[in-house]
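Coordinates in review
The residues making up each chain are set out below.
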Number of protein chains: 2
Amino acid sequence: MQERIEEVKRKLAETGHKLTMQREATMRVLIEHEEAHMTAEDVYMHLKQTCPDIGLATVYRTLELLSEIQIVEKVNFGDGAARFDLRSSDRAHHHHHMICRECGQVEEIHEDWLLAMESRVEREYGFTVIDHRLDFQGICASCRSAAAKAGRAVS
Amino acid sequence: MQERIEEVKRKLAETGHKLTMQREATMRVLIEHEEAHMTAEDVYMHLKQTCPDIGLATVYRTLELLSEIQIVEKVNFGDGAARFDLRSSDRAHHHHHMICRECGQVEEIHEDWLLAMESRVEREYGFTVIDHRLDFQGICASCRSAAAKAGRAVS
DNA sequence: TTTTATGCAAACCCTTTGCATCACA
DNA sequence: TGTGATGCAAAGGGTTTGCATAAAA
């Protein structure tokens, strides 16, 4: 925990930014809810507990900044609100998502299956890949078994 | 062209909807600009030429409807506006995107590289895949060569 | 003739911005 | 102490909705 805050402080300093109370609190919320895929509003709600006076605008500015310095990744599942994931410190590691159409839950796949494809894109299309995103939409295991128990088919 | 309109008419009828002048005009715009990845606003602008009285709300409603009946695919590249792609009639064919961070242009990869991964997701995670999305972000071939000519590195 | 669809405008939601004040470094 | 950060409220952009009217089937 503390070392991650230190890393952020260092990265902020490198880019001419300050580590404020609000930014530190935001990092703590993100770390405590790793993989929660929170929206800015979600983060704000949690922050209100430790930092009651924080403003929503600050949360947006902080998340944007953390995204610029690669601490978090801003992802968009098409439901209208951006979500923010802590990046793993391992730069090469990407992850993929499984988004359930029944319950809306987002699960992660902690593997990067796309390295071969990235080189293929570079080779065949002359496109230099910086990053990628892979999402699967479908029905998650628990919704499927719930549907099976209820004896009905699922969309 | 005409047979695609007929297919839409059939699908609309099946789901209890009508083929209106506005919906037909929207289809024509989509067909004429296949792969343009247009926003609702883009579609609206084009529609104004053949259908000057159409309202933006109708465009949104039409695109949403076409998306529900699988005629178009609503995609979101994270720039704030949803984009709409005509689906290929071949249901099994998905396509992937290469999004250039220099010029913002979206190119397509007309291959589905993910069938093997879909079965792996089903097998290893118990997640029933309905659809998937794969986007690469990076620098497109023309931006890279432009940058090379200008003798500078690109981000 | 009965539904469903339309156009308009207002409402909505998420996000960004202007500005005076505050607090890290 | 000086620059960057904050909070608030207002503005912004994309999208949706209520409602009276119009037009498919």
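For every chain, the first residue of the written sequence is number 1, and numbering continues from 1 onward in sequence order. Here chains are named by letter from A upward and ligands by number from 1 upward, in the order in which they appear as written. The predicted nature of this model means local features are confined to residues of pLDDT at least 70 and side-chain atom pairs, given and counted, to a pLDDT of 80 or more, with totals for whole chains, interfaces and linings taken over all residues. Hydrogen atoms and water are omitted, and side-chain values are computed over all heavy atoms in the structure.

**Some words on the overall build of chain A**
On a plain count of helices and strands, chain A comes out with six helices and six strands. Here a strand is any run of E in DSSP of at least two residues, a helix any run of H or I of at least four, and the numbering for each starts at the N terminus. Along chain A, from the amino end to the carboxyl end, the secondary structure elements read α-α-β-α-α-β-β-β-β-α-β-α. For chain A, the spread of C-alpha atoms along the principal axes amounts to about 55 × 45 × 25 Å. Burial classes follow relative accessibility: with a 1.4 Å probe on protein chains only, a residue under 20% of its type's maximum area counts as buried, one over 50% as exposed, and anything between as partly exposed. With 155 residues in all, chain A has 43% of them scored as buried. Residue burial considers only the protein chains on display, and all accessible areas are found by Shrake-Rupley using a 1.4 Å probe. Summed over its atoms, the accessible surface of chain A is roughly 8200 Å², and 49% of this surface lies on carbon and sulfur atoms. Charge-centre separation for chain A: the mean point of 20 positive side chains lies 2 Å from the mean point of 27 negative side chains. Just so you know, the count uses Lys and Arg for positive and Asp and Glu for negative, and it drops His and the chain ends. Lysine's charge is taken at NZ, arginine's at CZ, aspartate's at CG and glutamate's at CD.

**Observations concerning the pattern of salt bridges**
Residues and elements named next belong to chain B. The working definition used for a salt bridge is a side-chain nitrogen of Lys or Arg within 4 Å of a carboxyl oxygen of Asp or Glu. Under the criterion given, the structure shown has 16 salt bridges over all chains. The shortest N-O distance in the salt bridge between Glu34 and Arg4 comes to 3.2 Å. Note that Glu34 is positioned in the loop between helix H2 (21-32) and strand S1 (38-39) and Arg4 in helix H1 (residues 2-14), a separation of 30 residues in sequence. Of the residues examined, Arg4 reaches a relative accessible area of 24% and is grouped as partly exposed.

**Considering the relation of the copies chain B and chain A**
Take chain B, turn it by 179°, move it 0.0 Å along the axis, and it overlays chain A with an RMSD of 0.1 Å. Here the two chains are linked by the operation of a two-fold rotation axis. Identified as the residue of chain B closest to the rotation axis by C-alpha distance is Leu134 of chain B, at 2.3 Å. Between two residues, a contact is recorded if the distance between any of their heavy atoms is within 4.5 Å. The residues that chain B uses at the interface reappear at the interface of chain A in 100% of cases, marking a shared surface. The copies are overlaid by a least-squares fit using only the C-alpha atoms of residues whose pLDDT is at least 70 in both copies.

**Observations regarding the domain arrangement of chain A**
Residue and element names in this part refer to chain A. An automatic or database domain assignment provides the domain bounds reported here. In terms of domain boundaries, chain A breaks down into domain 1 (1-88) and domain 2 (91-155). Inter-centroid distance (C-alpha atoms) of domain 1 to domain 2 is 24 Å. Between domain 1 and domain 2, the residue contacts involve 10 residues of the former and 11 residues of the latter. In short, buried area is how much 1.4 Å probe accessible area vanishes from two parts on joining, totalled over both. Between domain 1 and domain 2, the buried area comes to about 910 Å², and carbon and sulfur atoms account for 46% of it.

**Brief notes about the sheet that holds strand S5 (residues 106-109) of chain B**
Strands belonging to one sheet form pairs held by backbone hydrogen bonds; the direction of such a pair is parallel or antiparallel. Strands are treated as partners if at least two bridges between them are detected by DSSP. Across the sheet, which stays open at both edges, the six strands sit in the order S5(A)-S4(A)-S6(A)-S6(B)-S4(B)-S5(B) with mixed pairing between neighbours. The open sheet terminates on both sides in strands that have one partner only, identified here as strand S5 (106-109) of chain A together with S5 of chain B. This sheet shows a mean twist of 25° between the axes of neighbouring strands, independent of strand direction. The sheet contact formed by strand S4 (residues 96-100) of chain A and strand S6 (residues 128-139) of chain A spans four bridges and is parallel. Only the stretch in contact is used when a helix axis is fitted, and all axes are lines through C-alpha atoms; the angle between N-to-C directions ranges over 0 to 180 degrees.

**Notes on the nonpolar core**
When a protein is soluble and globular, its nonpolar side chains tend to lie buried together. In terms of nonpolar packing, the biggest core is built from 28 residues, with Phe136 of chain A together with Phe136 of chain B touching the most fellow members. Elements with a minimum of two residues in this core: S4, helix H5 (115-125) and S6 of chain A together with strand S4 (96-100), helix H5 (115-125) and strand S6 (128-139) of chain B. Ranked by size, the runner-up nonpolar core spans 25 residues in total, among them Leu30, Ile31, Leu47 and Ile54 of chain B. Only buried residues count toward a nonpolar core, which is a set of Ala, Val, Leu, Ile, Met, Phe, Trp, Tyr and Cys residues joined through side-chain atoms within 4.5 Å.

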